[in-house]
Amino acid sequence: MKSPLWSKIRAYVQLLFWFIFVFLLIYSRDPVDNTFLYNLFSKLSFHLSLSTSLSSLKFAESFFYSSVIIFLTIFLGRFFCGWICPLGITIDASDKKLIKNKSSVFSIQKKIIKIKHYKYGILLISLILSLAGFQAAGIIDPLSLVYRSYTVSLYAYFDRLIRILFDVLYYIPGINYLSEPVYDILKDKVLDFNLVEFENHIPVFLLFLIIILLSYLARRFWCQSLCPLGAIFSLVSRFSFFQRHVDAALCNSCLKCQNSCRMNAIYDGGQKTYESECIKCFECLKSCPSKAASFKFNVPFANKEKPIENKQINTPQIFTSRKSLMKSFFAALLLLPFFNINTNRRTNFTYIIRPPGAKREDEFIKECIRCAQCIKICPTNALHPIFLEAGLTAMFTPRLVPRLGYCEKNCNLCSKICPTDALFKIKKSDKDKTIIGTAYFVKDRCIPYSEGINCMVCEEMCPTSDKAIKFKDEIVLNKQGKKVQVKIPYVIENLCIGCGICENKCPVTGDAAIQVTTPKSAEGINRF
Amino acid sequence: MLHKFQNYFLKRFARKEFLNRVLKIMSAYFLGKNFIGNKKIFSQTTSNTTTDSEGSKLTIIKGKDLSKETIFKMVDKGLENLGGINKFIKKGMNVVIKPNIGFNAPPESAFTTNPHLVEAVAKKCVETGAKVTVFDRPVHTDKLCYRNSKILEAIENAGAKVHYMDDRKFKEVKIKNGINLNKLEVYEEIIKADFIINMPIAKHHSSANLTMSMKNLMGVIGGRRGWFHLYLHENIVDFNKAVPVQLVILDALRILTANGPASGTEKDVKETNTIVMGTNPVSVDAYTTSLFNKKPTDLEYLTLAAKEKMGEIDIKKLNIQNINV
């Protein structure tokens with residue numbers, strides 16, 4: 001493969017995959033029958049399958065899909081990063097805006113080669129933490145991170161921007177006749193059902209922003225030196241058959257390829273390549289003026305002797321040394337005691353309601369990969385990522401916030417789309433047996449209790465077939481001090497499934513007068 | 001790093017020009033918001049439903065089963081008895097059909113209006129050449145409710161316009177002699193409409209006792225819905241003062257006899273195969289109580305409505321015409 005056209009083809013394929021990713025993200029909403037495609041992207045990460053298996057000590061189903069990518073990597077090298085990865089294209093696109101000064105790239109290269117092995121350390125730390133029960137992999141894995149950031153921040157921000165734009169147009173006389181039909185189409189096809197907003201969108205967005213802004217240091221800085229999934233691919237692609245070749249007779253060492261390489265994978269005056277770093281973007285084919293570069297299938301290590309011959313040229317090796325691996329190993333051990341810091345251990349814990357079908361809290365935290373697919377698909381905007389409310393180990397896991405959205409009874413999408421086993425696959429008909437919480441009354445706030453006026457919204461909304469909220473006639477004092485007979489509501493704990501619609505629809509201003517906590521029988525940590 | 005950002009922005013927009021542009025857009029927006037977005041409309045709608053001779057005339061249609069053909073036939077016969085759809089709806093009129101699409105549930109559970117009935121009525125209206133819009137303000141997420149109640153499909157089949165309610169389009173309406181309220185936010189399309197057809201489903205309701213055509217109007221009222229449940233009966237009467245409904249087609253094909261409005265199971269659903277048509281919602285509701293073996297006076301809002309002289313609730317005094325299909 002010699003044609004410079006390949007770099008263009010790659011760019012289009014990458015764009016295509018980005019569109020597929022965004023399309024699946026937008027359309028992972030209510031009528032989803034087969035979730036296979038919708039959660040495929042997060043199943044492709046070998047890093048996630050590995051860490052989920054390590055933390056839950058179970059064989060992760062997603063190995064079937066991620067192994068395919070690993071298998072292909074043996075033949076094609078780190079193609080996933082350059083062709084498929086949605087975070088990769090996001091970084092590429094922002095790089096174009098951020099990196100203006102191309103001459104500085106060469107001076108950066110020497111520095112960045114020294115820190116390229118950090119990704120192996122991060123991979124090691126993430127796997128050790130997984131083994132210790134903390135699924136940190138979900139926080140930093142690119143596929144989890146990109147889905148989460150797109151859902152919780154980018155798509156939600158985009159949705160809001162479009163809505164506000166058309167709101168502004170709606171109120172400008174004369175324009176709204178034109179803008180409203182467009183808005184209707186957008187609302188139907190592109191935007192979410194209703195305006196969505198998420199708790200903790202700022203930490204999610206900041207993490208994403210930092211990764212994007214790292215490109216100020218070098219292009220694809222994240223992919224070159226930090227990405228743990230990239231580390232796995234680069235370990236495998238050392239043995240890949242698909243390699244870059246330079247015809248020494250044609251090459252005049254103009255260094256144009258070296259400058260154009262976004263991964264800084266080319267060294268020795270453009271003649272040699274770190275196969276572990278090359279993401280097969282074919283930019284070097286395009287930039288080479290003398291067409292000396294080409295990609296060929298080769299037996300790995302066939303030309304391994306050559307660098308030894310040219311040992312006088314000082315080429316730094318990327319592969320991490322035993323010493324630095326030990327460093328990251330001890331760093332991981334040192335980090336372990338700090339991950340159970342949880343200042344909300346005794347208070348907020350009761351309000352961390354997990355989506356229906358969630359396993360016991362400790363198992364759930366180990367298996368949840370924080371991809372936010374359940375958060376995206378929830379039709380009522382009820383699920384939100386948590387930040388530190390349940391401690392560091394539960395960072396970015398989903399939580400039901402009843403005051404913002406309730407759990408729809410006729411819906412099982414979150415458990416359907418979950419790419420791991422963190423949520424059991426439950427049927428719609430089983431929803432009335434799936435207990436996610438228990439409601440209780442805050443009698444000081446409740447209108448019939450405190451003001452002596454009939455209300456009954458919670459009782460009306462309760463979806464269980466024998467209502468978990470019932471009422472009795474009682475005589476209470478109203479605000480004027482008179483005795484009045486009102487219908488007083490109360491909760492029957494055995495019937496309550498904790499869907500939270502009562503809390504959501506409670507007409508009391510501010511905190512609801514009926515609130516949902518984790519099930520009472522669960523004694524804090526055990527949910528079932 | 002910061003000066004890079006500054007340079008970037010300064011190159012794009014000269015500062016003055018930029019501010020100028022922003023000011024222009026903002027002033028247009030605020031001016032527009034004051035004129036178009038103003039919720040207050042000063043004209044007052046009054047309910048024109050109360051005409052004693054016409055209002056107390058009810059058509060009760062009983063069918064033999066719940067198949068689509070029977071329901072279509074029932075609607076045909078019923079409307080014929082009322083004088084034909086052309087008596088009410090002329091070509092080019094703006095017709096609003098307001099079914100109950102309040103809950104995300106299949107039609108068999110009887111939480112929402114029967115989709116075949118909606119389709120039959122919408123089709124009749126469309127055939128006259130009127131512009132027909134169907135909408136409701138559901139309790140659950142609107143798109144799910146429209147789809148799972150199968151009413152979306154029905155509206156599309158009939159050729160009417162599907163409309164999801166928009167929070168920006170509520171207008172303030174003053175109510176003369178309201179019991180509990182003196183103003184309400186009513187949906188713009190309802191105010192603009194030439195003809196409103198109310199198509200509720202009759203079902204048990206824990207706080208209102210039964211929910212039928214009068215309570216169904218809560219779905220076109222804006223504002224905080226929960227608050228209307230305090231002094232619910234008074235508010236229901238006030239809704240009917242604010243919204244002029246010209247025709248009520250009540251779905252009692254399947255009725256929910258207990259655990260209403262949205263938690264009944266199969267054993268609570270009773271197939272009564274009945275459609276009640278009338279021009280006065282109060283009388284329609286009064287008759288429908290008999291399907292639940294209740295008296296109209298059991299319902300506080302019906303008693304209140306009778307006191308306000310909004311319609312006849314004494315079943316003996318109603319002019320009832322029975323049709324069997």
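The shown structure was predicted, so the numbers you read here are calculated from the model rather than taken from an experiment.

A.B. asks: I'm lost on the overall build of chain B in this one. Help?
C.D. replies: When its secondary structure is counted, chain B shows 13 helices and 12 strands. With 325 residues in all, chain B has 57% of them scored as buried. Contacts in chain B between residues far apart in sequence, at least 24 positions, make up 74% of those at least 6 positions apart. Of the roughly 14,300 Å² of accessible surface on chain B, 52% is carried by carbon and sulfur atoms.

A.B. asks: I keep staring at the overall build of chain A and nothing clicks. Help me out?
C.D. replies: Assigned secondary structure in chain A consists of 24 helices and 10 strands. With respect to the principal axes defined by its C-alpha atoms, chain A has extents near 100 × 60 × 35 Å. Partitioning the intrachain contacts of chain A with sequence separation of at least 6 by distance along the chain shows that 76% fall at a separation of at least 24. Counting only carbon and sulfur atoms, one obtains 64% of the accessible surface of chain A, whose full area is about 23,500 Å². Here chain A contributes 67 positively and 41 negatively charged side chains, and the mean placements of these two sets differ by 10 Å.

A.B. asks: Help me understand the side chain of Ser66 of chain A in this model?
C.D. replies: Residues and elements named next belong to chain A. Within the secondary structure, Ser66 sits in helix H4 (residues 63-76). A polar atom in the side chain of Ser66 sits 2.8 Å from the side chain of Ser49. In contact with Ser66, other than residues within four places in its own chain, are Lys43, Leu44, Ser45, Phe46 and Ser49.

A.B. asks: Looking at this structure, I do not really get the interface of chain A and chain B. What am I missing?
C.D. replies: Where interface size is given, it is often the accessible area lost as the parts come together that is meant. Between chain A and chain B, the contact holds 44 residues from the first and 40 residues from the second. When chain A packs against chain B, the two sides together hide about 3,600 Å² of surface, and 55% of this comes from carbon and sulfur. Taken together, chain A and chain B are joined by four salt bridges. Lys187 of chain A is the salt-bridge partner of Asp166 of chain B, the closest N and O atoms lying 3.8 Å from each other. Remark: the boundary between chain A and chain B carries 15 residue pairs in polar contact (both at pLDDT 80 or more). Of all the elements in the fold, those that place two or more residues in the side of chain A that touches chain B are helix H10 (142-171), helix H11 (176-189), helix H23 (457-461) and helix H24 (501-505) of chain A.

A.B. asks: Which parts of the structure should I look at to understand the domain arrangement of chain B?
C.D. replies: The assigned domain composition of chain B is domain 1 (1-31) and domain 2 (39-324). Computed over C-alpha atoms only, the centres of domain 1 of chain B and domain 2 of chain B are separated by 51 Å.

A.B. asks: Any chance you could explain the packing of helix H6 (residues 86-98) of chain A against H10 of chain A here in plain terms?
C.D. replies: A pair of packed helices is captured by two measures, namely the crossing angle of their axes and the spacing between those axes. All names here are of chain A. Viewed as axis vectors pointing N to C, H6 and H10 meet at an angle of 65°, and their least axial separation amounts to 8 Å. In this view, H6 runs roughly perpendicular relative to H10, as classed from their interaxial angle. Seen from H6, the contacting residues are Pro86, Leu87 and Thr90; seen from H10, they are Pro142, Leu143, Leu145, Val146 and Tyr150. Taken together, the residues of the contact of H6 with H10 sort by class into seven nonpolar, one polar and no charged.

A.B. asks: Sorry if this is basic, but what is going on with the packing of H4 of chain A against helix H14 (residues 228-237) of chain A here?
C.D. replies: All names here are of chain A. Two elements in contact, H4 and H14, have axes whose closest approach is 8 Å; the angle formed by their N-to-C orientations is 45°. Regarding the angle of H4 to H14, the classification is oblique. In this structure, the crossing between H4 and H14 has a hand that is right-handed. Residues Ile69, Ile70, Thr73 and Ile74 of H4 touch H14, and the partners they reach there are Ile232, Phe233, Val236 and Ser237. A breakdown of the residues in the contact of H4 with H14 according to their chemical character gives six nonpolar, two polar and no charged.

A.B. asks: Explain the pairing of strand E1 (residues 242-246) of chain A to me, please; I cannot follow it from the model alone.
C.D. replies: One face of the sheet, then the other: side chains in a regular strand alternate in exactly this way. Residues and elements named next belong to chain A. Burial of E1 is extensive: four of the five residues sit out of reach of the surface. Bridge count for E1 against strand E4 (residues 293-297) is five bridges, and the pairing is antiparallel. Across the sheet, the residue bridging to Arg244 is Phe295, located in E4.

A.B. asks: What exactly am I supposed to notice about the packing of aromatic side chains here?
C.D. replies: Remark: the centre distance and the inter-plane angle together describe each pair of aromatic rings, the angle taken between the planes. This structure, assessed with the given rule, holds 34 aromatic pairs over all chains. Measuring from centroid to centroid gives 6.3 Å for Phe103 of chain B and Phe111 of chain B, while their planes differ by 75°, and the two rings are edge-to-face. Both residues of the pair, Phe103 of chain B and Phe111 of chain B, count as buried. Ring geometry for Phe228 of chain B versus Phe239 of chain B: centroids 5.2 Å apart, planes at 90°, classification edge-to-face. Residue Phe228 of chain B is located in the loop between helix H10 (213-216) and helix H11 (232-242), and its partner Phe239 of chain B is located in helix H11; the two are separated by 11 residues in the primary sequence. Here the aromatic cluster, defined as three or more aromatic residues joined through ring pairs, consists of Phe21, Phe41, Tyr147, Tyr150, Tyr157, Phe205 and Phe208 of chain A. Cation over ring: Lys187 of chain A sits above Tyr183 of chain A, and NZ or CZ is 4.5 Å from the ring centre. Residue placement shows Lys472 of chain A over the ring face of Tyr490 of chain A; its charged tip is 4.8 Å from the ring centre.

A.B. asks: Just checking my understanding: could you explain a nonpolar patch on the surface for this structure?
C.D. replies: Residue and element names in this part refer to chain A. On the surface, a cluster of nonpolar side chains totalling about 530 Å² of accessible area is made up of Val68, Phe71, Leu72, Ile74, Phe75 and Phe297. In terms of residue count, H4 provides more of the nonpolar patch than any other element does, five residues in total. When you line up the elements, Phe71 lands in helix H4.

A.B. asks: Looking at this structure, I do not really get the environment of Pro200 of chain B. What am I missing?
C.D. replies: Residues and elements named next belong to chain B. Residue placement: Pro200 occurs in the loop between strand E7 (195-199) and strand E8 (201-205). Note: C-alpha distance between Pro200 and Met214 (14 residues apart in sequence) is 8.6 Å. Discounting chain neighbours no more than four positions away, the residues touching Pro200 are Thr113, Met212, Ser213, Asn216, Val248, Ile249, Leu250 and Asp251.

A.B. asks: For this particular structure, what's the right way to read the confidence of the model for chain B?
C.D. replies: Residues shown with low pLDDT carry predicted positions that ought not to be read at fine detail. Looking at chain B as a whole, the pLDDT averages 86, with 89% of positions reaching at least 70. Complex prediction metrics read pTM 0.89 and ipTM 0.85.

A.B. asks: Sorry, what's going on with the side chain of Lys116 of chain A here?
C.D. replies: All names here are of chain A. As for its position among the elements, Lys116 is in the loop between helix H7 (104-115) and helix H8 (118-131). The exposure class assigned to Lys116 is buried, which follows from its relative accessible area of 0%. At 2.7 Å, the side chain of Lys116 and the side chain of Glu277 are in polar contact.

A.B. asks: Even after reading the chapter, I still don't get the pairing of strand E2 (residues 94-99) of chain B, so can you show me in this structure?
C.D. replies: Residue and element names in this part refer to chain B. Buried residues dominate E2, accounting for five of its six residues. For E2 and strand E3 (residues 131-134), the ladder comprises four bridges, and the chain directions are parallel. Within the sheet, the bridge partner assigned to Val95 lies in E3 and is Val132. In the sheet, E2 pairs with E7 via five bridges, with the strands oriented parallel. In the sheet register, Ile97 faces E7, and the bridge partner there is Ile197.

A.B. asks: Before we go on, may I ask you to explain the nonpolar core in this structure?
C.D. replies: As a rule of thumb, nonpolar side chains are buried together in soluble globular proteins. Judged by nonpolar contacts, the single largest core of 91 residues is most densely connected at Ile89, Val95, Ile97, Ile197, Val243 and Ile249 of chain B. Per-element tally for this core: the top contributor is strand E10 (residues 247-256) of chain B, with seven residues. Counting residues in each nonpolar core, the second largest holds 68 residues, with Ile436, Val476 and Cys502 of chain A together with Leu256 of chain B among its members.

A.B. asks: I would appreciate a short explanation of the state of the cysteines in the present structure.
C.D. replies: Chemically, a disulfide is nothing more than a covalent bond linking the sulfur atoms of two cysteines. Residues and elements named next belong to chain A. Summed over all chains, the structure comprises zero disulfides over all chains. Left unpaired, Cys223 is separated from the closest cysteine sulfur, that of Cys227, by 6.2 Å. Look at Cys223 and you get buried, because its relative accessible area is 7%. For Cys418, which is in no disulfide, the shortest distance to another cysteine sulfur is to Cys371 and amounts to 6.4 Å.

A.B. asks: What exactly am I supposed to notice about the environment of Ile377 of chain A here?
C.D. replies: Residue placement: Ile377 of chain A occurs in helix H20 (residues 373-377). As a C-alpha pair, Ile377 of chain A and Asn504 of chain A span 127 residues in sequence and 19 Å in three-dimensional space.

A.B. asks: Looking at this structure, I do not really get helix H13 (residues 300-307) of chain B. What am I missing?
C.D. replies: All names here are of chain B. Within the sequence span of H13, burial applies to Tyr301, Leu302, Leu304 and Ala305. When H13 is viewed along its axis, its buried side chains cluster within an angular range of 160° and face the same direction. Lys309 occupies a position one or two residues after H13 and carries a positive phi of about 60°.

A.B. asks: Looking at this structure, I do not really get the confidence of the model for chain A. What am I missing?
C.D. replies: Residues and elements named next belong to chain A. Counting all residues, the mean pLDDT for chain A is 86, and 92% of those residues have values of 70 or more. The secondary structure element of chain A with the lowest average pLDDT is helix H17 (residues 305-309), at 46, and the one with the highest is strand E5 (residues 383-385), at 95. Contacts from residues 305-313, a stretch scored under 50 in pLDDT, to residues over four places away or in other chains number two contacts. This stretch, residues 523-528, has a pLDDT under 50; its non-local contacts, to residues over four places away or in other chains, come to 16 contacts.

The rules behind these values
- Residues numbered from 1 in each chain as written.
- Chains lettered and ligands numbered in written order.
- Predicted model: local features only at pLDDT ≥ 70, side-chain atom pairs only at ≥ 80, totals over all residues.
- Heavy atoms only, no water.
- Helix = DSSP H or I, 4+ residues; strand = E, 2+ residues; numbered from the N terminus.
- Buried < 20%, exposed > 50% of the residue type's maximum accessible area, 1.4 Å probe, protein only.
- Contact = heavy atoms within 4.5 Å.
- Areas by Shrake-Rupley, 256 points an atom, 1.4 Å probe, with all protein chains shown as cover.
- Lys, Arg positive; Asp, Glu negative; His and termini not counted.
- Charge placed at Lys NZ, Arg CZ, Asp CG, Glu CD.
- Polar contact = N/O pair within 3.5 Å; in protein donor to acceptor, adjacent residues only side chain to side chain.
- Buried area = accessible area lost by both parts, 1.4 Å probe.
- Salt bridge = Lys/Arg side-chain N within 4 Å of Asp/Glu carboxyl O.
- Domains from an automatic or database assignment.
- Axes fitted to C-alpha atoms, helices over the stretch in contact; angles between N-to-C directions.
- Parallel < 35°, antiparallel > 145°, perpendicular 65-115°, else oblique.
- Nonpolar A, V, L, I, M, F, W, Y, C, P; charged D, E, K, R; others polar.
- Left-handed = near helix turned anticlockwise from the far one by under 90°.
- Pairing = 2+ DSSP bridges.
- Phe/Tyr/Trp six-rings, centres within 6.5 Å; stacked < 30°, edge-to-face > 60°.
- Lys NZ or Arg CZ within 6 Å of the ring centre and 35° of its normal.
- Patch = residues over 30% accessible without salt bridge, like charges linked within 9 Å, V, L, I, M, F, W, Y side chains within 5 Å.
- pLDDT = per-residue confidence, 0-100.
- Core = buried A, V, L, I, M, F, W, Y, C linked by side-chain atoms within 4.5 Å.
- Disulfide = S-S within 2.5 Å.
- Arc of directions from axis to C-beta.

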